[in-house]
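# Descriptive analysis of the structure
In case you want the letters, here they are:
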Amino acid sequence: MADHNRERLSISHFGRAFRGEHYSGDMVYLDDSGDSVTFAIVDAAGHGRPAFEIGYRIKTLLKANRDTELSALVAAIHDLLQGGAGAVALVGHLNKVTLDLSYIQIGDTHGKIFGRDPRSLARQDGMFGHSIPTPKLHHDTLSSGDIMVLCTDGISVRFELAEISGYRALPADRLAQSVVAQFGKHHDDATCVVWRCH
Ligand SMILES: [Mn+2]
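Our subject in this report is the structure included herewith. (Residues numbered from 1 in each chain as written. Predicted model: local features only at pLDDT ≥ 70, side-chain atom pairs only at ≥ 80, totals over all residues.)

## What to know about the overall build of the protein
Heads up, the condition is: The helix and strand labels rest on DSSP assignments: H or I over at least four residues marks a helix, E over at least two residues marks a strand, and numbering proceeds from the N terminus. Comment: burial labels come from other C-beta atoms within 10 Å of the residue's own C-beta, placed from the backbone, where a count of 20 or more is buried, 12 or fewer is exposed, and between is partly exposed.
In terms of helices and strands, the protein carries three helices and eleven strands. Secondary structure of the protein in N-to-C order comes out as β-β-β-β-α-α-β-β-β-β-β-β-α-β. The principal-axis extent of the C-alpha atoms belonging to the protein is close to 45 × 40 × 25 Å. The 198 residues of the protein split such that 41% are buried.

In structure tokens form, the structure reads like this:
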């Protein structure tokens, strides 16, 4: 879990391995060193230590390629995972000032934006390291008051913040924990990232 407070955004993430496992194959990457936050939420195929290590390799690649644009970044992830177990991921940038969002999502990670205009993030079928379509770069803009939640498939796609009591008043870290506790599946690693726009 990590907490980041900024003028217009607070971000937190929370995850847990599935029952009986010490390591999770889910991985969250956040780099807010520039004008925008570069982020990724990854679910590596399989479970436990081998899946954790795939996530770690992707994190290392993302750290080494801070200034690479998103299409090239996802191509590099695809190359990195050739011949192995593979992974699904949502990778993007969110501008901390304008709240402009751009992202590519391949596989069964999922995300929703809650606010005046509720919507889901777009995704494409595929798996990094095995087969991916030509990546589509999607653009969106968040508004003050919006809450964006990004999840691995260990969290039900039917999750709704309205089912978490008092969610409007909860800080990002408590919200992330509540999403995992309330909507996490016991037979998978479950991870989410919560973005609150002030
Ligand atoms: Mn999963």
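## Some points on helix H3 (residues 172-183)
Inclusion rule: A helix is expected to span 1.5 Å multiplied by its residue count minus one.
Helix length check: H3 (twelve residues) gives 16 Å between terminal C-alpha atoms against 16 Å at 1.5 Å per residue, within 8%. Listed in full, the buried residues belonging to H3 are Ala 172, Leu 175, Ala 176, Ser 178, Val 179, Val 180 and Phe 183.

## Looking at the sheet that holds strand S3 (residues 26-31)
The condition that has to hold: Two strands are counted as paired when DSSP detects at least two bridges linking them. An axis is simply a line fitted to the C-alpha atoms; with a helix, the fit covers only the stretch in contact. Between two such axes, the angle follows the N-to-C directions and lies from 0 to 180 degrees. Note on contacts: each residue gets a C-beta atom placed from the backbone, and two residues are in contact if those atoms are within 7 Å.
The five strands are arranged S3-S4-S5-S6-S9 in an open sheet whose pairing can be described as antiparallel. Of all the strands in the sheet, the pair left with one neighbour each is S3 and strand S9 (138-141). Direction aside, neighbouring strands of the sheet carry axes that sit 15° apart on average. Packing of helix H2 (residues 70-80) onto the sheet brings it into contact with strand S5 (87-95) and strand S6 (100-106), and relative to S5 it is tilted by some 160°.

## Comments concerning unusual backbone geometry
Its identity as a non-glycine residue notwithstanding, Leu 99 has a phi of 65°, on the positive side. With respect to the element layout, Leu 99 can be found in the loop between S5 and S6.

## A look at helix H1 (residues 48-64)
Here H1 is 17 residues long and its end C-alpha atoms lie 25 Å apart, about the 24 Å a rise of 1.5 Å per residue gives. Contacts from the buried residues of H1 go to S3, strand S4 (36-44), H2 and S5.

## A look at the environment of His 130
Among the secondary structure elements, His 130 is positioned in the loop between strand S8 (119-120) and S9. A residue is classified by how many C-beta atoms lie within 10 Å of it, and His 130, with 16 of them, is partly exposed.

## Re the pairing of S4
The side chains of a regular strand alternate, first on one face of the sheet and then on the other. Burial of S4 is extensive: eight of the nine residues sit out of reach of the surface. Where S3 and S4 come together, six bridges link them in antiparallel fashion. The residue bridging Leu 30 from the neighbouring strand is Phe 39, located in S4. As paired elements, S4 and S5 share nine bridges and run antiparallel to each other. Following the sheet pairing, Ser 36 is matched in S5 by Asn 95.

## Structural notes on the environment of Ile 132
Tracing the backbone through its elements, the reader meets Ile 132 in the loop between S8 and S9. With 66 residues separating them along the chain, Ile 132 and His 198 place their C-alpha atoms 35 Å apart. In contact with Ile 132, other than residues within four places in its own chain, are His 78, Ile 106, Gly 126 and Met 127.

Everything listed here is a matter of coordinates, which is why it stays silent on function.
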